[in-house]
Amino acid sequence: MKIVVAGGFGVGKTTMVGAISEIPPLTTEAAMTSLGAEIDDRGDVTTKTTTTVAMDFGRVTIDRSIILYIFGTPGQDRFGFMWDDLITGALGAIVLVDTRRIDDCFPAVDYFEHRDLPFVVAVNRFDGRLAHELDDIREALDLSPEVPIVTTDARAKDAVKDTVLVLLDQALARAMVRSRAPGR
Amino acid sequence: MSPRFRTDRAALDGRERLLESRSLTPPAPPCDVLEDDDPVRPFFLTRGRTRTDQDIAFETIVSATDAGRSASPRLAFELADITRLASEPVSVAEISAAMKIPITVARVLCGDLITAGYLDRSIPLVAPTDDVELIKRLIDGVRSL
Ligand SMILES: Nc1nc2c(ncn2[C@@H]2O[C@H](COP(=O)(O)OP(=O)(O)OP(=O)(O)O)[C@@H](O)[C@H]2O)c(=O)[nH]1
Ligand SMILES: [Mg+2]
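Residues numbered from 1 in each chain as written. Chains lettered and ligands numbered in written order. Predicted model: local features only at pLDDT ≥ 70, side-chain atom pairs only at ≥ 80, totals over all residues. Heavy atoms only, no water.

K.L.:
Could you clarify how one ought to interpret the packing of aromatic side chains in this entry?
P.N.:
Here the distance between the centres and the angle between the planes together describe a pair of aromatic rings. One pass over the structure, following the stated rule, counts seven aromatic pairs over all chains. Aromatic side chains W83 of chain A and F112 of chain A sit 5.9 Å apart centroid to centroid with 15° between the ring planes, which places their arrangement in the stacked category. Note that W83 of chain A is positioned in helix α2 (residues 80–87) and F112 of chain A in helix α3 (residues 106–113), a separation of 29 residues in sequence. Looking at F112 of chain A, the relative accessible area reads 1%, which means it is buried. Ring pairs connect the aromatic residues F57, Y69 and F71 of chain A together with F58 of chain B, which therefore count as one cluster. Directly above the aromatic system of F71 of chain A lies the positively charged group of K2 of chain A, at a separation of 5.8 Å from the ring centroid. Its guanidinium or amino end placed over the ring of F126 of chain A, R100 of chain A lies 4.8 Å from that ring's centre, counting from NZ or CZ. (Phe/Tyr/Trp six-rings, centres within 6.5 Å; stacked < 30°, edge-to-face > 60°. Helix = DSSP H or I, 4+ residues; strand = E, 2+ residues; numbered from the N terminus. Buried < 20%, exposed > 50% of the residue type's maximum accessible area, 1.4 Å probe, protein only. Lys NZ or Arg CZ within 6 Å of the ring centre and 35° of its normal.)

Written out as structure tokens, the structure reads:
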């Protein structure tokens, strides 16, 4: 089982993964072939560019048959191809926000809003007071009402646990709706 | 459980090993181009593929089959390493991290090994995202961390 932590650069994704993981976050690379529309000298379109991004993940063993993996996505917003791969089979996503740079999480919020995937917006407190109220942030991000927004502390296991639980409640609600839906 | 990536490759015969890998996957270019420490090698084995026919995600847990265990000495380096790492159940992501190969590459190679019958992967009857009981157990588990 898997959840994903997304958000802008340096917002605390790796810290959050590490706070709950039973192992220090492991790093892996994802080589991606993305389609770029580059026109070369001859007027031909060259389409393939390969980029490599680092991604980290942690692990929580619940019991013999349940292992939860937490993946921290690369911060860039132009890696849509890999995000699609990453969220396949995911229970949901946490979008981490730094209130001093709210805009940085737009690509992630926008991305998940257009996917059939539960997500939670978690504002990383970075010790201090919030620069904005949660309601203001909700409005700034134009979040739909069903998307929870919470504060968290990416360094603190308990706070991260709570954030994960908010997400898992969303995932549970969705699973219940789906398992009741006819034809499934 | 911290499987190490084998590094002493000097004793291994690349040509012989590649033969086995050829039977797994479409024909490869001449094996002369392979150097033991060539960082491009894993990409070479995938032949540029980033997808696999097998339905595997980054977190999918794989484990070596008996056939995989006995074939291991004859497999190409990376494939042998994967079957060895998978002597205990291990995720594609962890294989990627242990072998320092991109996760997309690890996934393709695991897919090849599954197709060849050298790796097993448990396929849940219900997708975890739709499995109410499983998610409830997960929630209880996270709560008691
Ligand atoms: N004070 C404080 N520092 C934090 C907190 N969360 C993260 N940091 C620090 O912020 C820096 C960036 O955190 P990371 O966890 O590496 O952020 P990231 O989102 O993984 O960054 P990229 O992967 O580079 O996008 C690190 O130096 C962390 O120690 C927090 O809640 N409070
Ligand atoms: Mg990071």
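K.L.:
Honestly, the sheet that holds strand β3 (residues 119–121) of chain B in this entry has me stumped. Any pointers?
P.N.:
The strands making up a sheet associate through hydrogen bonds between their backbones, and the pairing can be parallel or antiparallel. Residues and elements named next belong to chain B. With respect to topology, three strands assemble into an open sheet ordered β2-β1-β3, the strand pairing being antiparallel. Lying at the two open borders of the sheet, with one neighbouring strand each, are β2 (90–91) and β3. As judged from the two bridges shared by strand β1 (residues 61–64) and β2, these two strands associate in the antiparallel manner. Across the sheet, V62 pairs through a bridge with V90, a residue of β2. (Pairing = 2+ DSSP bridges.)

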